[in-house]
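Okay, here's what each chain looks like letter by letter:
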Amino acid sequence: MGLWLNPIQNWVWRDPVRRGYRLLRFAEVEADGGRDLARAAELTPDVKLRRLYLRHAADEQRHSDMFRRRGTELLREHRKAGEGWEPNWLAPGERGLDDVTVEPGGDAPLLAFLHLSEAAAARSFGVYHRAVAHDGETRNVFGQILKDENFHMTYTRHELGRVAPKKQGWLLWKARLGRLWKGYLRIAVAIGGAMGSIILTLQYFILMPVFALIVKRAERSEPEGWSPARDRKDMKGQY
C-alpha cells in the first residue's frame, strides 16, 4: 500500500462508527482464517507444521476477539453518530478478502499464500496503526497484532524453504499472480457495478420522458372510451 493511500486511510479511519464496522469486519476475516488454519493442521502430515498451524490459528482467533471487542466498544459509544459507509476495498483485512484454500498435501502452496498474506497484512496494519493515532485503544490493538503478523510472515517463509526448497520461488510467484488476478476481479466487479448503476440511471432520466411523450401522443389518437356524462345521456332512453 503506497504512501499516496495514507491520506485516504486517514479519512477511512476518522469516523468512529466506520472504524467500528471495519474492526468487526476484520474480526470475521481473522476468525475465518483461524478455522482454515485449524483445518490445515488436521490435514498436514508434517508434525512441525501442525504445531505452527495450530499456534497461528490460535493467534487468529485472539485477533478476532480483540477486533470484535474494540469494534463493539466503538459502536456502543458512537452508534448515534450514523451508520458510516464501509469502503471495504480501501481497507481490506488480513487476507485481502481472499479465502484460504486448504487441500490435502498442499502445504507448500498454502505456505506461499500465507506468507504473502501475512506480509500484506503487516504492511496494511502498519498503515492502519498510523491512521488511528488519535484513537489510542485501537492503535494499541493494531500494535499488538502487528507483532504476531511479523512472526507469521517469518515462519511461513522459513517453512516454505524447508518444505519446497527448489520450488519456493515459483510458488511465491504463482501466489502473487493469484492475488493479482483476484484483485483485478474485485476491481472489475466494483467498476461493473458502478457502471451498471450509472447506465440504469441515465436510461431512466433519458428514455422514460421519451416513452411518456410517446404514450401521450398515442393517447390523443385513441377513441374516447366510457365516460359518466355519456352514460347518463344513454340511460334516458328505454334501451
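As a reminder, the structure under discussion sits directly above these lines.
Residues numbered from 1 in each chain as written. Predicted model: local features only at pLDDT ≥ 70, side-chain atom pairs only at ≥ 80, totals over all residues. Heavy atoms only, no water.

## Details of the pattern of salt bridges
Move 1: In total, this model carries 12 salt bridges according to the counting rule given.
Move 2: Across the pair Asp 32 and Arg 35 runs a salt bridge whose closest N-O atoms are separated by 3.7 Å. A residue pair is termed a helical-turn pair when its members lie 3 or 4 positions apart in one helix, as Asp 32 and Arg 35 do in helix α2 (residues 16-43) at three residues.
Move 3: Among the residues examined, Arg 35 registers a relative accessible area of 53% and is labelled exposed.
Move 4: In this structure, the salt-bridge partner of Asp 46 is Arg 162, at a minimum N-O distance of 3.0 Å. Note that Asp 46 is positioned in the loop between α2 and α3 (47-78) and Arg 162 in helix α5 (residues 136-163), a separation of 116 residues in sequence. (Salt bridge = Lys/Arg side-chain N within 4 Å of Asp/Glu carboxyl O. Helix = DSSP H or I, 4+ residues; strand = E, 2+ residues; numbered from the N terminus. Buried < 20%, exposed > 50% of the residue type's maximum accessible area, 1.4 Å probe, protein only.)

## Quick notes on the environment of Phe 26
Move 1: Tracing the chain through its elements places Phe 26 in helix α2.
Move 2: Overall, the relative accessible area of 1% leaves Phe 26 in the buried class.
Move 3: For the pair formed by Phe 26 and Phe 67, sequence separation is 41 residues and the distance between their alpha carbons is 6.6 Å.

## Some details on α3
Structural remark: α-helix, 3.6 residues per turn; residues separated by three or four positions point the same way.
Move 1: Compared with the 46 Å implied by 1.5 Å per residue over 32 residues, the 47 Å span of α3 between its first and last C-alpha is a close match.
Move 2: Sitting at the head of α3, Asp 46 places a side-chain oxygen 3.0 Å from the backbone nitrogen of Lys 48. (Expected span 1.5 Å × (residues − 1). Polar contact = N/O pair within 3.5 Å; in protein donor to acceptor, adjacent residues only side chain to side chain.)

## Quick notes on helix α4 (residues 107-131)
Move 1: When the terminal C-alpha atoms of α4 are compared, their 35 Å separation across 25 residues agrees well with the 36 Å that a helix rising 1.5 Å per residue should span.
Move 2: The element α4 is largely enclosed, with a buried count of 22 among its 25 residues.

## Description of the nonpolar core
Grouped burial of nonpolar side chains is what soluble globular proteins tend to show.
Move 1: Ranked by size, the top nonpolar core spans 20 residues in total, and within it Tyr 53, Ala 112, Leu 114, Leu 160 and Leu 171 carry the most contacts.
Move 2: Listing elements by their share of this core, those giving two or more residues are α2, α3, α4, α5 and α6 (168-221).
Move 3: It is α4 that contributes the most residues to this core, seven residues altogether.
Move 4: Among all residues touching Leu 171, those that are not within four sequence positions of it are Ala 108, Pro 109, Ala 112, Leu 160 and Ala 164.
Move 5: By size, the runner-up hydrophobic cluster in this structure holds 19 residues, among which are Trp 13, Phe 26, Phe 142 and Leu 146. (Core = buried A, V, L, I, M, F, W, Y, C linked by side-chain atoms within 4.5 Å. Contact = heavy atoms within 4.5 Å.)

## As for the packing of α2 against α3
Move 1: At their nearest, the axes of α2 and α3 sit 7 Å apart, and the two run at 160° to each other. One way to sum up the angle between α2 and α3 is to call them roughly antiparallel. For the element pair α2 and α3, the recorded crossing hand is left-handed.
Move 2: In the contact of α2 with α3, the residues fall into 18 nonpolar, 10 polar and seven charged. (Axes fitted to C-alpha atoms, helices over the stretch in contact; angles between N-to-C directions. Parallel < 35°, antiparallel > 145°, perpendicular 65-115°, else oblique. Left-handed = near helix turned anticlockwise from the far one by under 90°. Nonpolar A, V, L, I, M, F, W, Y, C, P; charged D, E, K, R; others polar.)

In short, geometric facts, not functional conclusions.
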